[in-house]
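Reading the structure
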Amino acid sequence: MRRLLITACALNVLLVAPLWWRFGTLSPLIAWEAWVIAPAMLLLPAGRWRRWLGSGVVSALALATATNLGDAATHTAFGRSLNLYLDVPLVRSIYHLLVGNVGQLAAICLMLLGGVLLIGVLWLMLRLLLPARPPTRRCRARNAAVVLLVVSSSMALLEANHYRLVPQAALPMVATARFQWEQVVDTHRARQAFSAQLEETPIAAQVLPGLAGRNVLLTFIESYGVSALKDPRYNRTLLLTLEDLKRRLSQRDLHVVSGLVASPIRGGQSWLAHATTLSGRWIDNQLWYRLMLESGHSTMIDDFRASGQRTLSVMPAITLAWPEGRAYGFDQIVAAKDMPYEGPPLNWVTMPDQFTLDYTQRELLGNSPLFAQIALISSHAPWTPILPVLENWSLVGDGSLYAPWENAGDPPEVIWRDLERIRDHYAWSVDYAVSVAGRWAERVANEQTLLIVLGDHQPAPLITGDEASAAVPVHIISGDPALLNPFKRRGFVEGMLPPLAHPQEAPRMSQLRHWLQQDFGPAATSARTTP
């Protein structure tokens, strides 16, 4: 009798605990599958087939629990549900994120520890489900198991048919299997539709005479979302910074307009935001990303190459092979190993944004017209250490002056124990990145430059809350005010502060490419020159 209750309770906790994490509440309390499986396995006669069946049941429990844990983690990180059809490849990214934050040895140890714990839990479940001696026919435990099996099975059948007699009860294994299957079916159909869309309605590369002969610098700021400007927990610092940058730009006769666009993702996977902007397609998952690149779909790179610009991608976060860069067709790709940075890595961040931008200006911009994609990373989690912005850019040099910051401040494992400290460090990190990008604009922007600075995505719901919009700020900077007029007609406003009243109504990030084609393409240029 006692073993039966221990087994059922252990299975129950295994099934419902991931749901408590996922939904932030102690509900449901009862998983009917646990109270069906425990007595059913106890009643089976001993034999080889019983052991095989027990192994299958434990495997199913492990799969359901792992899926629900993955769903909770995915929601925490990205603000969406786990999709097994799309998200399995992200396991590798999790490993690289751990390596960047805690080091390779610690990452391997953590993953091995997780594997050992999983094996231990499975072994314990198997031992509980398969006692060496099943109860005899006249045993009290057997009678209790029969009663429990009948009652639990009845409740489970009612629950499966949407008749809930116990408010805090559910069928998490069934619900998870059903939800993931529906996602597989829906995502497969969406994949076919997206592939057909790529083939049947391509976006052709288009020359942009309105930007010919100019530098167009597309600069992404990591995790710079509208919440950094709208949420009182973060905007106290950022709003002052934006006002200061507006003043500094004005003093150099530089003009700026700002607006919002909706990013396809939250919390991570920045490359999907980059792909959305470059392609003009809504790329919100890894499969769409791969399909778009494999299809040979045109991008901004093709538009600017047709307009006479050379094309450059500056990617300080790329530390491994990046075949996607070749698929995009950039003339030059500068990854972490290609930049002569002599300073220390700062947790996940390979090099500070100020070094990246300074090196780009000194060595990469050159004298010929250029289209560049630059992906900044200093405001990537874990948001420590916080660096100062150097007023004297000549001090940046090879980055060796950043050595004192290698171990400055508390490490991530300390900061991430306190939610309020995490949020403070997020705000400071984004403030640093925005400040550096704005100061860099003073140095590189002129009448022959269109500098587009935008966030790649909102940070994780841990920072923004579950109800925050997906909008990110966009700042367009140039010494030629005529280049900003098309953006003003699309709702952008003068200054560094975008309209914040209705961020949920922001146009999609994929529209940026379409706007450039419409506002600087042959038709728009002809209309401006026709008397």
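Here the structure is a predicted model, which means the values were calculated and not measured.

1. Side note on the confidence of the model for the chain
Summarising the model, the chain shows a mean pLDDT of 86, and 93% of its residues fall at 70 or more. Helix H5 (residues 90-102) is the least confidently modelled element of the chain, averaging 59 in pLDDT, while strand E9 (residues 471-478) averages 97, the highest of any element.

2. A closer look at the side chain of Thr276
Counting through the fold element by element, Thr276 comes out in helix H11 (residues 270-279). Overall, the relative accessible area of 0% leaves Thr276 in the buried class. For Thr276, the side chain forms a polar contact with the main-chain nitrogen of Ile283, separated by 3.0 Å.

3. Re unusual backbone geometry
Look at the link from Ser27 to Pro28: it is a cis peptide, with omega at 0°. Structurally, Pro28 is set in the loop between helix H1 (2-23) and strand E1 (30-31). The step from Thr384 to Pro385 runs through a cis peptide bond, and the omega angle for that step is 0°. Even without being glycine, Ser223 reaches a positive phi, approximately 60°.

4. Notes on the packing of aromatic side chains
The way to describe two aromatic rings as a pair is by their centre distance and the angle between their planes. For the coordinates displayed, the defined rule picks out twelve aromatic pairs. For the ring pair Trp383 and Trp416, a centre distance of 5.7 Å and an interplane angle of 20° mean the geometry is stacked. Taken together, the residues Trp383 in the loop between strand E7 (370-375) and helix H16 (412-415) and Trp416 in the loop between H16 and helix H17 (419-444) connect sequence positions 33 residues apart. Ring pairs connect the aromatic residues Tyr234, Trp383, Trp416 and Tyr426, which therefore count as one cluster. A cation over an aromatic ring shows up here: Arg508 above the ring of Trp282, its NZ or CZ 4.1 Å from the ring centre.

5. Section: the layout of surface pockets
Within this model, the second largest pocket holds a volume of roughly 460 Å³. Residue lining of the second largest pocket: 22 residues in total, with Leu19, Leu171, Pro172, Ala175 and Thr176 positioned closest to the centre. Of all the secondary structure elements, the ones that give two or more residues to the lining of the second largest pocket are H1, helix H3 (48-78), helix H7 (140-160) and helix H8 (172-200). The residue makeup of the lining of the second largest pocket, split by class, is ten nonpolar, seven polar and five charged.

6. Quick word on empty space enclosed by the protein
Enumeration according to the criterion identifies three cavities of 30 Å³ or more in this entry. When its volume is computed, the largest cavity comes out at roughly 120 Å³. Together, Leu346, Val349, Ser378, His380, Pro382, Trp383, Thr384, Pro385, Ile386, Leu387, Ser429 and Tyr432 line the largest cavity. Here the lining of the largest cavity is composed, by residue class, of eight nonpolar, four polar and no charged.

7. Quick notes on the pattern of salt bridges
In the structure shown here, the tally under the stated rule is 20 salt bridges. Across the pair Arg164 and Glu159 runs a salt bridge, and its minimum N-O distance is 2.6 Å. Relative accessible area serves as the criterion here: at 48%, Arg164 is assigned to the partly exposed category. Classification of Glu159 by relative accessible area gives buried; the value is 13%. One salt bridge connects Asp480 with Arg214, and the closest N-O pair in it is separated by 3.3 Å.

8. Observations regarding H1
The end-to-end C-alpha separation of H1 is 31 Å, in line with the 32 Å expected for 22 residues at 1.5 Å each. Of all the bends in H1, the greatest reaches close to 30° and is centred on Val16; the proline Pro18 follows between one and four positions later. The set of residues buried in H1 consists of Leu4, Thr7, Ala8, Leu11, Asn12, Leu15, Val16, Pro18, Leu19 and Arg22. Immediately downstream of H1, the backbone of Gly24 shows phi near 65°, a positive value.

9. Regarding the packing of H1 against helix H2 (residues 32-43)
Running from amino to carboxyl end, H1 crosses H2 at an angle of 145°, the nearest separation of the two axes being 8 Å. Note that H1 runs across H2; the crossing there is right-handed. Taking contact as the criterion, the partners of Leu4, Leu5, Thr7, Ala8, Cys9, Leu11, Asn12 and Leu15 in H1 are, on H2, Glu33, Ala34, Trp35, Ile37, Ala38, Pro39 and Leu42. In terms of residue class, the contact of H1 with H2 is made up of twelve nonpolar, two polar and one charged.

10. Looking at the sheet that holds strand E6 (residues 332-335)
Read across the sheet, eight strands follow the order E6-E5-E7-E3-E8-E9-E4-E10 without closing on themselves; strand pairing throughout is mixed. Each edge of the sheet is formed by a strand with only one pairing partner; in this case those strands are E6 and strand E10 (493-494). In the sheet, strand E3 (residues 215-221) pairs with E7 via five bridges, with the strands oriented parallel. Of the residues in E7, the one forming a bridge with Thr219 is Ile374. Its contacts with the sheet place H17 against E3, E7, strand E8 (449-455) and E9, and it is angled at close to 170° to E3.

11. A few points about the pairing of strand E5 (residues 310-315)
E5 sits mainly inside the fold: five of its six residues count as buried. In terms of strand pairing, E5 meets E7 through five bridges, oriented parallel. Residue pairing across strands places Val314 opposite Ile374, the latter belonging to E7. Here E5 runs beside E6; their pairing, made up of four bridges, is parallel. The residue bridging Met315 from the neighbouring strand is Ala335, located in E6.

12. Let's talk about the pairing of E3
Looking along a regular strand, one sees the side chains alternate between the two faces of the sheet. By the criterion of burial, E3 is predominantly enclosed, with seven of the seven residues buried. Of the two faces of E3, the one holding Asn215, Leu217, Thr219 and Ile221 and the one holding Val216, Leu218 and Phe220 are both buried throughout. Relative to E8, E3 is paired through seven bridges, and the arrangement is parallel. What sits directly across from Ile221, in E8, is Gly455.

13. Focus: the packing of H2 against H7
Following both chains from N to C, one finds H2 and H7 inclined at 145°, their axes separated by 8 Å at the closest point. H7 is crossed by H2, and the crossing has left-handed handedness. The segment H2 lies against H7, with Trp32, Trp35, Val36, Pro39, Ala40, Leu42 and Leu43 engaging Ala141, Arg142, Ala145, Val146, Leu148, Leu149, Ser152, Ser153, Met155, Ala156 and Glu159. Class assignment for the residues of the contact of H2 with H7 results in 14 nonpolar, two polar and two charged.

14. A word on a nonpolar patch on the surface
The grouping of Leu110, Leu113 and Leu117 at the surface amounts to a nonpolar patch, some 290 Å² of accessible area in total. In this structure Leu113 comes out as partly exposed when scored by relative accessible area, which is 47%.

Conventions adopted
Residues numbered from 1 in each chain as written. Predicted model: local features only at pLDDT ≥ 70, side-chain atom pairs only at ≥ 80, totals over all residues. Heavy atoms only, no water. pLDDT = per-residue confidence, 0-100. Helix = DSSP H or I, 4+ residues; strand = E, 2+ residues; numbered from the N terminus. Buried < 20%, exposed > 50% of the residue type's maximum accessible area, 1.4 Å probe, protein only. Polar contact = N/O pair within 3.5 Å; in protein donor to acceptor, adjacent residues only side chain to side chain. Phe/Tyr/Trp six-rings, centres within 6.5 Å; stacked < 30°, edge-to-face > 60°. Lys NZ or Arg CZ within 6 Å of the ring centre and 35° of its normal. 1 Å grid on protein atoms, 1.4 Å probe; cavity = no way out; pocket = protein on both sides within 12 Å on 5 of 7 lines; lining within 4 Å. Points joined across faces, edges and corners; volume = space filled by probe spheres on them. Nonpolar A, V, L, I, M, F, W, Y, C, P; charged D, E, K, R; others polar. Salt bridge = Lys/Arg side-chain N within 4 Å of Asp/Glu carboxyl O. Expected span 1.5 Å × (residues − 1). Bend = angle between axes of the 7 residues up to and from the residue. Axes fitted to C-alpha atoms, helices over the stretch in contact; angles between N-to-C directions. Left-handed = near helix turned anticlockwise from the far one by under 90°. Contact = heavy atoms within 4.5 Å. Pairing = 2+ DSSP bridges. Patch = residues over 30% accessible without salt bridge, like charges linked within 9 Å, V, L, I, M, F, W, Y side chains within 5 Å. Areas by Shrake-Rupley, 256 points an atom, 1.4 Å probe, with all protein chains shown as cover.

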